Amino acid sequence: MIQATDLRKAKTSLSELAYRHLLNAIVAHELTPGAPLRPPDLAQRMGLSPTPVKDALARLAGEGLVEYRPGLGPFVAAPTVAEIVDLYGCRLMCELHALREGFSRIDKPFIADVRARLDAHDAAMAARDGSYERQRQLAEADRDFHLSYLRLWPNAKAITWYTQLNVHIRSDLVANRVGGRPGTLVEHREIFDALLARDLERALTAARRHVEASRDSFVERSSTPEG
C-alpha cells in the first residue's frame, strides 16, 4: 500500500521521493503490470502535489517500468512475451558476470546469507496456497535468493538495474499465480552447493541451467491457450 510521505523528514527532492515510492510499489507488486497510474490519485495517496509525481512517472517510463498510452495516460508497463524472454537473457548475463567477478569474495558470512535465503525460499514454496499474497511472498523470496549471490558484484547501479529488469518477470509469476516449478528447489540447491564448494564452473553451469529452465517454463506457459 502506497503510504503518505512525511515531508518533515524529507532529505531529497519531492520528485525523488515520489520516484522511490512508486518504484518500491512496482517492485513489491503493489502496482501490477497494466495498472493505470493517475497522477492526481497517486499524489493524494502520497501527500504530494501532482508535479513531482509526474516527474517520477516520466523517469520510470525512461527505465521501462511505466508506459504512456495515447489518450489514456501512464500505466505500469506490461511487456510482451518476447520482451520478457529478452529480460531473462539480461538476467542471465548479470548473474553469470556477478559470479565471475566476485567469486573470490566468497567467505563464511556470504555462505551463511545465501543459505538463509535458500531456506526462506524453501519455506515460501512450502507455504504457497494459490493466494496472491503467498505468491507475492514466494516471488520475493526467489528474488532475494538470486540477489544474495548477485551482490558478489559490488556495483550498486548494476544491482538496481538487475532488480528493476526482474520486476516484469516476478510480476508475471505473481499475476498468474505460478506456484513455482518442481525443479526450482533442486536448481537453487545446486547453485548453493557449487558456491559452498567454491567451484566457479559448477556455479556458472547451475545458474545458467536454472535461468534457462525458468525462461523455457515461461514460454511454454505463455503459448498454452487458456481454458
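Please refer to the structure higher up on the page.
All values derive from a computational prediction rather than experimental measurement.

Quick notes on the pattern of salt bridges
Per the counting criterion, the structure on display carries 11 salt bridges. Note that aspartate 41 is salt-bridged to arginine 38, the shortest N-O span being 2.6 Å. Looking at aspartate 41, the relative accessible area reads 35%, which means it is partly exposed. Two residues, aspartate 216 and arginine 215, come together in a salt bridge whose shortest N-O distance is 3.0 Å.

Regarding helix H2 (residues 39-46)
Within the sequence span of H2, burial applies to Pro39, Leu42, Ala43 and Met46. Taken down its axis, H2 places every buried residue within 100° of arc, on the same side. Glycine 47 occupies a position one or two residues after H2 and carries a positive phi of about 75°.

What to know about the packing of helix H8 (residues 184-196) against helix H9 (residues 200-223)
It is at 8 Å that the axes of H8 and H9 come closest, and there the two elements cross at 160°. Comparing their axes, H9 and H8 come out roughly antiparallel. In the crossing of H8 with H9, the sense of the turn from one axis to the other is left-handed. Contact with H8, carried on its side by Thr184, Glu187, His188, Glu190, Ile191, Asp193, Ala194 and Leu195, involves Arg202, Ala203, Ala206, Ala207, Arg209, His210 and Ala213 of H9 and no other residues of that element. In terms of residue class, the contact of H8 with H9 is made up of seven nonpolar, three polar and five charged.

Topic: the environment of glycine 64
With respect to the element layout, glycine 64 can be found in the loop between helix H3 (50-62) and strand S1 (66-69). By relative accessible area, glycine 64 is classed as partly exposed at 37%. Sequence separation between glycine 64 and histidine 168 is 104 residues, and the spatial gap between their C-alpha atoms is 9.8 Å. Beyond its immediate chain neighbours, meaning those up to four positions away, glycine 64 contacts Ala77 and His168.

Notes on the nonpolar core
When a protein is soluble and globular, its nonpolar side chains tend to lie buried together. With 35 residues, the main nonpolar core has Leu99, Ile106, Phe110, Tyr149, Leu150, Ile191 and Leu195 as its most contacted residues. When contributions to this core are tallied by element, the ones reaching two or more residues are helix H4 (81-102), helix H5 (108-127), helix H6 (132-150), helix H7 (156-175), H8 and H9. Here this core gets eight residues from one element, more than from any other, and that element is H4. Sequence-distant contacts of leucine 150, that is, excluding residues within four places in its chain, are made with Cys94, Glu95, Ala98, Ile159 and Tyr162. The next biggest cluster of nonpolar side chains, apart from the first, holds 22 residues, and it includes Leu22, Leu48, Leu57 and Val76.

A closer look at the packing of aromatic side chains
Scanning the entire structure with this criterion turns up two aromatic pairs. Both rings, one in tyrosine 88 and one in phenylalanine 218, keep their centres 6.1 Å apart while their planes meet at 40°; by these two values the pair is tilted. Linking tyrosine 88 in helix H4 with phenylalanine 218 in helix H9, this pair joins segments that are 130 residues apart in sequence. Assigned by exposure class, tyrosine 88 and phenylalanine 218 land together as buried. A cation over a ring is seen here: arginine 59 above tyrosine 19, with NZ or CZ 3.6 Å from the ring centre. When the ring centre of phenylalanine 75 is taken as reference, the NZ or CZ atom of arginine 69 above it lies at 4.0 Å.

Regarding unusual backbone geometry
Residue arginine 198 is not a glycine yet carries a positive backbone phi of 55°. By the element assignment, arginine 198 lies in the loop between H8 and H9.

Here's the deal with the packing of helix H1 (residues 14-27) against H3
At a minimum axis separation of 8 Å, H1 and H3 run at an interaxial angle of 55°. Judged on the interaxial angle alone, H3 and H1 are oblique. Viewed along their axes, H1 and H3 form a crossing whose handedness is right-handed. Touching Leu14, Ser15, Glu16, Ala18, Tyr19, Leu22, Leu23 and Ile26 of H1 are Pro52, Val53, Asp55, Ala56, Leu57, Arg59 and Leu60, all from H3. Of the residues contributing to the contact of H1 with H3, the split by class is 11 nonpolar, one polar and three charged.

Brief notes about the environment of aspartate 113
Examined against the element boundaries, aspartate 113 turns out to sit in helix H5. What makes aspartate 113 partly exposed here is its relative accessible area of 29%. Separated by 36 residues in the primary sequence, aspartate 113 and tyrosine 149 place their C-alpha atoms 9.1 Å from one another.

Criteria and thresholds
- Residues numbered from 1 in each chain as written.
- Predicted model: local features only at pLDDT ≥ 70, side-chain atom pairs only at ≥ 80, totals over all residues.
- Heavy atoms only, no water.
- Salt bridge = Lys/Arg side-chain N within 4 Å of Asp/Glu carboxyl O.
- Buried < 20%, exposed > 50% of the residue type's maximum accessible area, 1.4 Å probe, protein only.
- Helix = DSSP H or I, 4+ residues; strand = E, 2+ residues; numbered from the N terminus.
- Arc of directions from axis to C-beta.
- Axes fitted to C-alpha atoms, helices over the stretch in contact; angles between N-to-C directions.
- Parallel < 35°, antiparallel > 145°, perpendicular 65-115°, else oblique.
- Left-handed = near helix turned anticlockwise from the far one by under 90°.
- Contact = heavy atoms within 4.5 Å.
- Nonpolar A, V, L, I, M, F, W, Y, C, P; charged D, E, K, R; others polar.
- Core = buried A, V, L, I, M, F, W, Y, C linked by side-chain atoms within 4.5 Å.
- Phe/Tyr/Trp six-rings, centres within 6.5 Å; stacked < 30°, edge-to-face > 60°.
- Lys NZ or Arg CZ within 6 Å of the ring centre and 35° of its normal.

Just geometry here; none of it tells us what the structure is for.
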